[in-house]
Amino acid sequence: MKRLQAMKERQEIEAATFSPVISTAAKRIQRRDPTYRKRPSPPHILRMEDEEMLKCTFMPKISSKSEKIMQNLRTTAPHVPPAYETLYIDAEDRRRRNTEREAAYFM
């Protein structure tokens, strides 16, 4: 029975001929590890950021369900960077790529 199943699986794998076509632009994209983090900030910078956050008066209204989701995410996946950090890194990458494209265009 197991031998028959193994033989069937092997035949399915051999029959799989799909091979995606990946463009050269897609090949150049550097994938970033989701656990990627910049160098840790020095403690005095972190204190300044905390003090600055205390000055913020805006407090968005978040539903209790959303709050529970975020609490669960923070406890189950503490390695995931905060959304603002991910967005900042993405903006830096986009700015760098645009600068490179402009430099290549005007050469």
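Residues numbered from 1 in each chain as written. Predicted model: local features only at pLDDT ≥ 70, side-chain atom pairs only at ≥ 80, totals over all residues. Heavy atoms only, no water.

Novice: Looking at this model, I keep getting lost on helix 4 (residues 64-76). Mind explaining?
Specialist: At 3.6 residues per turn, the α-helix brings residues three or four places apart onto the same side. Given a rise of 1.5 Å per residue, 13 residues ought to cover 18 Å, and the 18 Å separating the end C-alpha atoms of helix 4 matches this to within 8%. Across the 13 residues of helix 4, zero count as buried, placing the element largely on the outside. (Helix = DSSP H or I, 4+ residues; strand = E, 2+ residues; numbered from the N terminus. Expected span 1.5 Å × (residues − 1). Buried < 20%, exposed > 50% of the residue type's maximum accessible area, 1.4 Å probe, protein only.)

Novice: I tried to follow the confidence of the model for the protein on my own but got confused; where do I start?
Specialist: Low-pLDDT stretches of the model should not have their predicted coordinates read in fine detail. Per-residue confidence for the protein gives a mean pLDDT of 79; residues scoring 70 or more make up 84%. Mean pLDDT across the elements of the protein bottoms out in helix 3 (residues 43-55) (74) and peaks in helix 5 (residues 83-105) (88). (pLDDT = per-residue confidence, 0-100.)

Novice: How do you make sense of the pattern of salt bridges when you look at a structure like this?
Specialist: Here the idea is simple: oppositely charged side chains can pair when their charged atoms come close. All chains considered together, the criterion is met by two salt bridges. For the salt bridge of D90 with R94, the shortest nitrogen-to-oxygen distance reads 2.8 Å. Highlighted residues: D90 and R94, both in helix 5, separated by four residues, approximately one helical turn. According to the relative accessible area criterion, D90 is partly exposed, its value standing at 31%. A salt bridge links E100 to R96, with the nearest nitrogen and oxygen atoms 3.1 Å apart. Pair noted here: E100 and R96 are both in helix 5, with a separation of four residues, about one helical turn. With a relative accessible area of 47%, E100 lands in the partly exposed category. Residue R96 is classed as partly exposed on the basis of its relative accessible area, which comes to 40%. (Salt bridge = Lys/Arg side-chain N within 4 Å of Asp/Glu carboxyl O.)

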